[in-house]
Amino acid sequence: MALNGKTALVTGASRGIGRAIALRLASDGARVAINFAGNLDKAREVQSIIEGNGGQAMLAQCNVADFNAVENMIKSIVDAWGSIGILVNNAGITRDNLLLRMKPDDFDAVIDTNLKGVFNCTKVASKFMIKQRSGRIVNMSSVVALNGNVGQTNYAAAKAGIIGFTKSAARELAPRGITVNAIAPGFIDTDMTAAMSDAVKQATVERIPLGRVGAPDDIANAVAFLTSDQATYITGQVLAVDGGLSM
Ligand code: NAP
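About the cut-offs
- Residues numbered from 1 in each chain as written.
- Predicted model: local features only at pLDDT ≥ 70, side-chain atom pairs only at ≥ 80, totals over all residues.
- Heavy atoms only, no water.
- Salt bridge = Lys/Arg side-chain N within 4 Å of Asp/Glu carboxyl O.
- Helix = DSSP H or I, 4+ residues; strand = E, 2+ residues; numbered from the N terminus.
- Buried < 20%, exposed > 50% of the residue type's maximum accessible area, 1.4 Å probe, protein only.
- Pairing = 2+ DSSP bridges.
- Axes fitted to C-alpha atoms, helices over the stretch in contact; angles between N-to-C directions.
- Contact = heavy atoms within 4.5 Å.
- Core = buried A, V, L, I, M, F, W, Y, C linked by side-chain atoms within 4.5 Å.
- Parallel < 35°, antiparallel > 145°, perpendicular 65-115°, else oblique.
- Left-handed = near helix turned anticlockwise from the far one by under 90°.
- Nonpolar A, V, L, I, M, F, W, Y, C, P; charged D, E, K, R; others polar.
- Right-handed = clockwise from strand over helix to strand, strands pointing away.

A.B. asks: Would you mind going over the pattern of salt bridges in detail, with residue names and values included?
C.D. replies: Applying the stated criterion across every chain yields a total of five salt bridges. The partner of R19 in a salt bridge is E45, with the nearest N and O atoms 3.2 Å apart. Taken as a pair, R19 in helix α1 (residues 16-27) and E45 in helix α2 (residues 40-52) lie far apart in primary sequence, 26 residues in all. Looking at R19, the relative accessible area reads 24%, which means it is partly exposed. The class of E45 is partly exposed, set by a relative accessible area of 35%. Among the salt bridges present, the one from R24 reaches D28, with a minimum N-O distance of 3.2 Å. A residue is classified by how much of its surface remains accessible, and D28, at 15% relative accessible area, is buried. Through salt bridges with shared partners, one network takes in R19, K42 and E45.

A.B. asks: Describe the sheet that holds strand β4 (residues 86-89), listing the residues and the values that go with them.
C.D. replies: Taking strand neighbours across the sheet as the criterion, the seven strands line up as β3-β2-β1-β4-β5-β6-β7 in an open arrangement whose pairing is parallel. In the strand order of this sheet, the two ends are held by β3 (57-61) and β7 (238-241), each with one partner. Looking at each pair of strands side by side, their axes are set apart by 20 degrees on average, direction ignored. In this fold α1 packs onto β1 (7-10), β2 (31-36), β4 and β5 (135-140), with an angle of close to 170 degrees to the strand it touches most, β1.

A.B. asks: Can you tell me about the nonpolar core, naming the residues and giving the values?
C.D. replies: The biggest cluster of nonpolar side chains holds 31 residues, and the ones touching the most others in it are I21, L25, V32, I183 and V223. Among the nonpolar cores identified, the runner-up in size contains 26 residues, and I74, W81, F128 and L173 belong to it.

A.B. asks: I'd love a proper account of the packing of helix α4 (residues 104-132) against helix α6 (residues 153-173), names of residues and values included.
C.D. replies: Across the interface, α4 lies against α6 with an axial gap of 8 Å and an inter-helix angle of 15 degrees. If you check the angle between α4 and α6, you find them roughly parallel. Crossing handedness for the pair α4 and α6: right-handed. Residues D106, F107, V110, I111, N114, L115, V118, F119, T122, S126 and I130 of α4 touch α6, and the partners they reach there are T153, N154, Y155, A157, A158, K159, G161, I162, F165 and L173. Residue classes in the contact of α4 with α6 are distributed as 13 nonpolar, six polar and two charged.

A.B. asks: Help me get a handle on the pairing of β4, residues and values and all.
C.D. replies: The alternating pattern of β4 places I86 and V88 on one face and L87 and N89 on the opposite face, and all of these are buried. Here three bridges tie β1 to β4, and the two strands are oriented parallel to one another. Within the sheet, the bridge partner assigned to A8 lies in β4 and is I86. Pairing of β4 with β5 involves four bridges; the strand directions are parallel. Considered in β5, the bridge of I86 is made with R136. Each parallel crossover has a hand, and for β4 linked through α4 to β5 it is right-handed.

The following block contains the structure:
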């Protein structure tokens, strides 16, 4: 198995894309820490699927926007399993509104979770990876970072920030044997996109060259590749997994 003996932390792994990533990394042999904000039942479900398949998983509840909480979470993973080899910064939220109606709190909440959360987890995990002289970090951006989107100035700013963060961290950490890449998903079928009206969904699908909405597993496949030994020479990249939407 490609990731035998590796330890992974997946943020926002209770639902949607993070859930699919956690299940995939576990099926590739990694021990997986399942981070989530509050949805304990859903996180436990992911843990029991992994354990039911003979894998190892632990729950790691914490708000990724809270630096001290992140520090405690990652220390407890390293205490339990001895290392952290893979970090997938996937946790994210939306607080959509037109710029003129967007409340400053909604801007801050999205930046804090989606961008500062990536800084918090990467800063703490990379300290351990530097000591190990190896590590894989994958950050979840979005096609919205590349093209913008009406009603998502906060979200697009955070996701574009992740791209700059990824490239800078990739340069800093490359000499230590750590790769840092980003994935820019298109329109993926999860709770996050469930709130869109059927008309908006239909209009979006019509703009996707491959003609379908993405599945969480489409993103998990890309993460599995970027964290595997097949991707040792890839760093600082942004991989769009979007059915061609951002072309
Ligand atoms: P989702 O279904 O809404 O799931 C979000 C996950 O993030 C949940 O596990 C949630 O935990 C967790 N989370 C939220 N705030 C958190 C916090 N402060 N600390 C820790 N965990 C937190 O979202 P998704 O669609 O799978 O999206 C996953 C990532 O992909 C996000 O970064 C999103 O921006 C990005 N993305 C998604 C799409 C798409 O079309 N779906 C497209 C582009 C990019 P709880 O269950 O405990 O709430």
